[in-house]
Amino acid sequence: MADLVIPDFESPPVVELVLGAQFSPLTKLTAGHFGLFWRELGDEWAEPGDGPPIADQFELFDRPRWDQPGSVELRLAPMRLPGRFTIGHRDEDRLIQVQATRFHHNWRRRQGFYPSYRKL
């Protein structure tokens, strides 16, 4: 198997990257689980927040796309609880987002430093 080549930029062309996964709903997830997860992360993660869930996305290869660029989407539905839990790193360069169907890890450029894949 060939080695994975990870690009390394002196001046990256982006200000934020997100690595995320979507999965089947965790039907027994509660806000208490978010608190337990936060405690496991340690003192470096000190900026908790709440937000509405990120909508699930599905690739439908056998159907035409209905959401063309410039379209507007309106959803009227009750918010699933718990919603989305966000927790920021004290250095403000990382963010973790957790909800019943997703886990995301964001990396942000701060003060000229941009964390690379290799470093993280």
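So, a few notes on the structure that sits alongside this text. (Residues numbered from 1 in each chain as written. Predicted model: local features only at pLDDT ≥ 70, side-chain atom pairs only at ≥ 80, totals over all residues. Heavy atoms only, no water.)

Looking now at the overall build of the protein chain. Broken down by element type, the protein chain carries one helix and five strands. Secondary structure of the protein chain in N-to-C order comes out as β-α-β-β-β-β. The buried share among the 120 residues of the protein chain stands at 24%. The contacts of the protein chain with a sequence gap of at least 6 include a subset with a gap of at least 24, amounting to 70%. On the protein chain, roughly 9700 Å² of surface is accessible, and the fraction owed to carbon and sulfur atoms is 56%. (Helix = DSSP H or I, 4+ residues; strand = E, 2+ residues; numbered from the N terminus. Buried < 20%, exposed > 50% of the residue type's maximum accessible area, 1.4 Å probe, protein only. Contact = heavy atoms within 4.5 Å. Areas by Shrake-Rupley, 256 points an atom, 1.4 Å probe, with all protein chains shown as cover.)

A word on the packing of aromatic side chains. Following the criterion strictly, the structure yields three aromatic pairs and no others. Centre to centre, the rings of phenylalanine 37 and phenylalanine 103 are 6.3 Å apart; their planes meet at 85°, and the pair counts as edge-to-face. Residue phenylalanine 37 is located in helix H1 (residues 31–41), and its partner phenylalanine 103 is located in strand S5 (residues 102–108); the two are separated by 66 residues in the primary sequence. According to the relative accessible area criterion, phenylalanine 37 is partly exposed, its value standing at 27%. Relative to phenylalanine 85, the ring of tryptophan 38 lies with its centre 6.4 Å away and its plane at 50°, an arrangement referred to as tilted. In this pair, tryptophan 38 sits in helix H1 while phenylalanine 85 sits in strand S3 (residues 84–89), placing the two residues 47 residues apart along the sequence. You can call phenylalanine 85 buried: its relative accessible area is 6%. Grouping aromatic residues by their ring pairs yields a cluster made of Phe34, Trp38 and Phe85. (Phe/Tyr/Trp six-rings, centres within 6.5 Å; stacked < 30°, edge-to-face > 60°.)

This part takes up the sheet that holds strand S2 (residues 45–51). Reading across from one edge, S1-S5-S4-S3-S2 is the order of the five strands in this open sheet, with antiparallel pairing throughout. Looking at the sheet topology across the chains shown, the edges are occupied by strand S1 (16–22) and S2. Taken pair by pair, the neighbouring strands of this sheet meet at an average axis angle of 15°, ignoring direction. Of the pairings in the sheet, the one linking strand S4 (residues 94–99) to S5 comprises six bridges and is antiparallel in character. Each residue of the ladder has a partner; that of glutamine 97, found in S5, is histidine 104. Sheet strands touched by H1: S2, S3, S4 and S5. Its angle to S4, the strand with the most contacts, is close to 155°. (Pairing = 2+ DSSP bridges. Axes fitted to C-alpha atoms, helices over the stretch in contact; angles between N-to-C directions.)

Turning to unusual backbone geometry, a few remarks are in order. Despite not being glycine, glutamate 92 shows a phi value in the positive range, around 60°. Position of glutamate 92 among the secondary structure elements: in the loop between S3 and S4.

With that settled, consider the pattern of salt bridges. As enumerated under the stated definition, the model contains two salt bridges in all. When the shortest N-O distance is used, the salt bridge between arginine 90 and glutamate 44 registers 3.9 Å. Taken together, the positions of arginine 90 in the loop between S3 and S4 and glutamate 44 in the loop between H1 and S2 put the pair 46 residues apart, joining distant regions of the chain. Among the ionic pairs, aspartate 93 bridges to arginine 94, the shortest N-O distance being 3.2 Å. (Salt bridge = Lys/Arg side-chain N within 4 Å of Asp/Glu carboxyl O.)

Next up on the list: a nonpolar patch on the surface. A cluster of nonpolar side chains, Phe23, Leu26 and Phe103, forms an exposed patch at the surface whose accessible area comes to about 250 Å². Judged by its relative accessible area of 34%, phenylalanine 103 falls in the partly exposed class. (Patch = residues over 30% accessible without salt bridge, like charges linked within 9 Å, V, L, I, M, F, W, Y side chains within 5 Å.)

Any functional reading would require information beyond the geometric quantities listed.
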